[in-house]
Amino acid sequence: MKKFLFISLFLTLTVSAGSQTSIAMVVDASAAEHTISRHIYGHFSEHLGRCIYDGYWVDPALPVPKHDRIRLDIVEALKKIKIPNLRWPGGCFADEYHWRDGIGPRDQRPTMINTNWGNITEDNSFGTHEFLTLCELLGAEPFIVGNLGSGSVEEMSKWVEYMNYDGISPMTNMRKQNGREKPWHVTFFGVGNENWGCGGNMTPEYYVTQYRQYATFLKNYPGTALRKIACGPSGGDYNWTNMVMSGLVRGGRGNLWGLDFHYYTRPPRGSAGQGSATNFTEATYFGTMRNALRIEQLIKGHDSIMTKYDPQKRIALVVGEWGIWCDPEPRTNPRFLYQQNSLRDALIAGSTLNIFNNHCDRVKMAQLAQTVNVLQAVILTEGPKMILTPTYHVFDLYKVHHDSKMLPVKFTSPDYVFENQTLPALNASASQDSTGAVHLTIVNIDPNKNVNISITLNQIKWTTVSGQILTSANLTDHNTFEKPNTVVIEKFNGARKQGDMLDVLMPAKSVVMLELK
Ligand code: AHR
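Everything numeric in this text was worked out from a predicted model, so none of it was measured.

Caption draft 1: Spatial organisation of helix H4 (residues 153-164). Compared with an ideal rise of 1.5 Å per residue, which puts twelve residues at 16 Å, H4 spans 17 Å between its outermost C-alpha atoms and is within 8% of the ideal. In terms of burial, H4 is a largely internal element, ten of the twelve residues being buried. Taken together, the buried positions of H4 are Val 153, Glu 155, Met 156, Ser 157, Trp 159, Val 160, Glu 161, Tyr 162, Met 163 and Asn 164. On the buried face of H4, the contacting elements are strand E7 (85-88), helix H3 (128-138), strand E10 (141-146), helix H5 (170-177), strand E11 (188-191) and helix H6 (204-216).

What follows is the structure, encoded as structure tokens:
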């Protein structure tokens, strides 16, 4: 009977009146089962454009606080959003990177050409020690991606030994000579990147054979159990998932912790200029949001294939690269993938993270591409200046979900209608933390209509509600070095306790985080 009551509640009428719609929603603590891993909130940083060099790792003369050459204003900003992990060194760069070139005295390190990203000369000044120092400063776990495409089994195997072994060995000695006494205990380790493409153009059958061989020689040294992550599919390549799972997993077990799935949101193509990060029409916005929301259908598709081989969901779907990929900003190197970041990107980030939260039984890790100055970056820099993007603020709002119990949220979304096409206007996720506080994050992607939400909270004790909102006058609004605070978090006053119910007036084009205590 109780169950029936809740089902009928969230299926109740959606009432539209002018630019306002009313719906019912249920947040159900009685159905809480899975935990939202903090690792869903991870980031990706590649040797690409100005992410590492002139991003984290700067000229010694740049007038900013630094540790060695690591920019500490960036470190502080990422610590504030509690960055849980950082994926490195690529990306496509990973499968042409030779880690031994990036250790030892910097003036003796060989150079190489970064063929994927503009043929620029890589001086290898940022290598294993520098990256792992950055992770220590951030308090983030490293996720290192090894070179399967153009490296060797020996090279990958020795990298793990160099980073993780504490006993007497040539790699331990070399690490000590290079100034690091104790191992770093790296656990997340990717066995190649996009090996169906830039990582070697392999068939899934060939990759499976390669993976088995490489993974055999990646050892668990004392105190460090590796979490090996296999190259996963791109977008809707279900054949890749099926072949890799069938080749690597038997009875729910295999020599892997996760499968690294990549999906980028592209603005729809058609007429010139549609790919701009900050200059787009509502038609382009609508198409972009449709592409962004498609990630849920893809997660469900890959999950159902993985479930055939791993019904207990021991193996993680890792969304190792995600985010919006726009045209590079005018007058920048097109291979540096530098793009601005607008309110639209924040709505994509909020929606995607709600989707990840709601699928946390399978999605146990994810990395937004690419942290600083590349693609959907959370931080942009220009000389000593640094700004936080709207996407950064979403990660700030959503950090309350880290390692909290996911609470299912049920509702029927009103439609966002554009020229006779529709998308669900609302998406949401909720969690309960270890103190009992409940957090609900809601996104309204409709740029024109507010939504009244009447929320039933099943088996949740609460007396107060407070909230924060991220919105702005226009979808194209963004923060610049001249005006860094155009899109920032503000206090939200649109939530009220009405008896046992929570009433929320959810403004158009906004991300809201509510805290119930
Ligand atoms: O993030 C940019 C590139 O996109 C990465 O190097 C690659 O893995 C993906 O195709």
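Moving on, there is more to tell.
Caption draft 2: Local environment of the confidence of the model for the chain. The predicted model of the chain averages 95 in pLDDT, with 96% of residues at 70 or higher. Overall, residues 1-15 carries pLDDT values under 50, and its contacts beyond four positions in sequence, including any with other chains, amount to 24 contacts.

Caption draft 3: Region of interest: the state of the cysteines. One pass over the full model with this rule turns up one disulfide. Here Cys 92 is linked by a disulfide to Cys 198, with a sulfur-sulfur distance of 2.2 Å. Torsion about the S-S bond of the Cys 92 and Cys 198 cystine: about -90°, corresponding to left-handed handedness. Taken together, the positions of Cys 92 in the loop between E7 and strand E8 (112-114) and Cys 198 in the loop between E11 and H6 put the pair 106 residues apart, joining distant regions of the chain. Owing to a relative accessible area of 33%, Cys 198 belongs among the partly exposed residues under this scheme. Free of any disulfide, Cys 51 has its nearest cysteine sulfur in Cys 135, 12 Å distant. A residue is classified by how much of its surface remains accessible, and Cys 51, at 0% relative accessible area, is buried. Between Cys 326, a cysteine without a disulfide, and Cys 51, which holds the nearest cysteine sulfur, the sulfur-to-sulfur distance is 17 Å.

Conventions used here
- Residues numbered from 1 in each chain as written.
- Predicted model: local features only at pLDDT ≥ 70, side-chain atom pairs only at ≥ 80, totals over all residues.
- Heavy atoms only, no water.
- Helix = DSSP H or I, 4+ residues; strand = E, 2+ residues; numbered from the N terminus.
- Expected span 1.5 Å × (residues − 1).
- Buried < 20%, exposed > 50% of the residue type's maximum accessible area, 1.4 Å probe, protein only.
- Contact = heavy atoms within 4.5 Å.
- pLDDT = per-residue confidence, 0-100.
- Disulfide = S-S within 2.5 Å.

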